[in-house]
Amino acid sequence: MTFDYDLFVIGGGSGGVRAARVASGEYGAKVGLAEESRMGGTCVIRGCVPKKLMVYASGFAGIFEEARAYGWQVDGGAFDWQAFRTRLEAELDRLEGAYRNTLKNAGVIVHDERATLVDAHRVRLASGQEFTAKHILIATGGRPFVPEIPGAELAVTSNEMFHLDQLPRRALVVGGGYIASEFACILKGLGVEVSQYYRGAQILRGFDDEARGHVSNAMRAGGIDIHCGTDVMRLEKTAAGIRAVATDGTDREFDLVMYATGRRPNTEGLGLEALGVGLGREGQILVDRYSQTGVPSIFAVGDVTGRINLTPVAIREGHAFADTIFGAKPTAFDHELVASAVFTQPELGSVGLSEEAARAEGPIEVYSTAFRPMRSAFAGQQDRVLMKLIVSKATRRVLGCHIVAPEAGEMIQLAAIAIRMGATKEDFDRTCAVHPTMAEELVTMRKPVRTA
Ligand code: NDP
């Protein structure tokens, strides 16, 4: 049987674009790709990229303050949201164009419309056009989830945060994960009064407890009003804003309420159930280690599979899929030891096991130090950074590294290489320090603070 395409990709985000580019550009497959929204997906258009630019924008308030302590005569200045937003939009247009060019140069045929599945080898575009494909890759990503509470429609999600007409004076962020914690810090840095309500006992569940505590203390010290054990029962429109009635008995008014209570895979209405593609409890597509679904011609990568919802993971899954199917190199991306960073202020960089998870697996030593970094100590600020290593007593391997510090994301990337290579605590000890840096503490901690 001949097909219109060797591969049809649904979704032009990180995973889909990488798979399409490699399959077509490197392996010569005939590839079509459908995207119903803007090319680049969540990461480029409404996620990592605009978020990081907002993190940069929000960091300047602290920099101005520090600069004065270092002898610079600078005024704090006022933040011009509209000016920033205009530049941000231009940058996203540029990046979207770059993604389109990449696909074009690789020979991928792009269809700017929604596609759904008709059968195991056939897709239908919103315009009614149908194509057959030997392989179909679903890379439709995810979308924000907002719980069904009365007044939920008054809240925004991270999707809307990049398009606000103006910055609010008082904002409530609901949730305690990556997105909620990052946006709480961004808004605070931009001069907004921020409250964060989280239903659990401590924000950033899943990360190392000591690191979570450190981030949350720093956020509180920075002026964010964090309420743990608190959830919103209902939202009501008021003359001046939105009233949030919470489980802790409070009833407060805000100008903006942002929900960041997780994301859900975009699998609805694709026609998957009818084809027998298995879906998990949250609607995620179930795949094997080669990203293959139960229907042999249909594959899925990225957030829609709900494995680890991070851009670099989607990219690696998409690349591995293309290598496997079109490059005759069976490749399964290894989801172990994936480092990540939460771009709070200060950042949290993390790789490997938390102290709590490691303790459950066997005897460990914990090396941890918290100190005032030179730069902010000189400026008279109280911030402290945290450097932490979890070491297996049996193998001496470093099982986890957790850093809370400015630029922790940059540091953890490098620590992740050593840990991925199986570095032992003694390998860290043998490595000579780079002085004066914050990261040198990672190779100079000699005595465990505790064993377990
Ligand atoms: P997370 O899963 O990280 O956090 C969701 C938060 O919402 C948790 O605190 C959760 O609480 C809470 N929550 C969930 N359901 C409800 C509910 N019904 N009512 C009240 N609270 C609720 O999701 P995010 O939306 O923050 O981010 C989604 C994913 O995107 C992340 O997991 C991450 O993989 C990725 N991401 C990565 C970033 C990075 O690498 N820097 C940045 C942004 C996103 P509980 O803990 O109790 O379950």
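See the structure above.
Residues numbered from 1 in each chain as written. Predicted model: local features only at pLDDT ≥ 70, side-chain atom pairs only at ≥ 80, totals over all residues. Heavy atoms only, no water.

Peer 1: Pulling in residues and values, what's your account of the site of the ligand?
Peer 2: Taken together, 20 residues surround the ligand, and among them Gly176, Tyr198, Arg205, Asn309 and Ala341 come closest. Here glycine 176 contributes a backbone N or O atom positioned 2.8 Å from an oxygen atom of the ligand. In this structure, alanine 341 approaches the ligand through a main-chain N or O atom, which is 2.7 Å from a nitrogen atom. For the ligand, whose accessible area on its own is 910 Å², the fraction buried by protein is 78%. (Near = heavy atom within 4 Å. Polar contact = N/O pair within 3.5 Å; in protein donor to acceptor, adjacent residues only side chain to side chain. Areas by Shrake-Rupley, 256 points an atom, 1.4 Å probe, with all protein chains shown as cover.)

Peer 1: Explain the sheet that holds strand β11 (residues 232–237) to me, using residue names and the numbers behind them.
Peer 2: Reading across the sheet, the three strands line up as β11-β12-β13 and stay open at both edges, with antiparallel pairing between neighbours. Of all the strands in the sheet, just β11 and β13 (251–254) have a single pairing partner and so form its edges. Here the strands of the sheet are splayed against their neighbours by 25 degrees on average, with no regard to which way each runs. Note that β11 and strand β12 (residues 242–246) share five bridges and pair antiparallel. Across the sheet, residue valine 232 finds its bridge partner in β12, namely alanine 246. (Pairing = 2+ DSSP bridges. Helix = DSSP H or I, 4+ residues; strand = E, 2+ residues; numbered from the N terminus. Axes fitted to C-alpha atoms, helices over the stretch in contact; angles between N-to-C directions.)

Peer 1: Give me the lowdown on the environment of glycine 97, citing residues and values where you can.
Peer 2: Positionally, glycine 97 belongs in helix α4 (residues 81–105). When the C-alpha positions of glycine 97 and tyrosine 197 are compared, they lie 38 Å apart, and in sequence the two are 100 residues distant.

Peer 1: Report on the nonpolar core, specifying residues and quantitative values.
Peer 2: Among soluble globular proteins, nonpolar side chains are generally buried collectively. Met54, Met161, Leu187, Met219 and Leu348 are the most contacted members of the largest nonpolar core, which totals 40 residues. Counting only elements with at least two residues in this core, the list comes to α3 (48–69), α4, β8 (170–174), α6 (178–189), β9 (193–198), α7 (209–221), β14 (256–259) and β17 (340–342). At six residues, the largest contribution of residues to this core is made by α6. Grouped together as the second largest cluster of nonpolar side chains are 22 residues, Val351, Ile419, Phe428 and Met445 included. (Core = buried A, V, L, I, M, F, W, Y, C linked by side-chain atoms within 4.5 Å. Buried < 20%, exposed > 50% of the residue type's maximum accessible area, 1.4 Å probe, protein only.)

The quantities given are spatial measurements derived from coordinates; they are silent on function.
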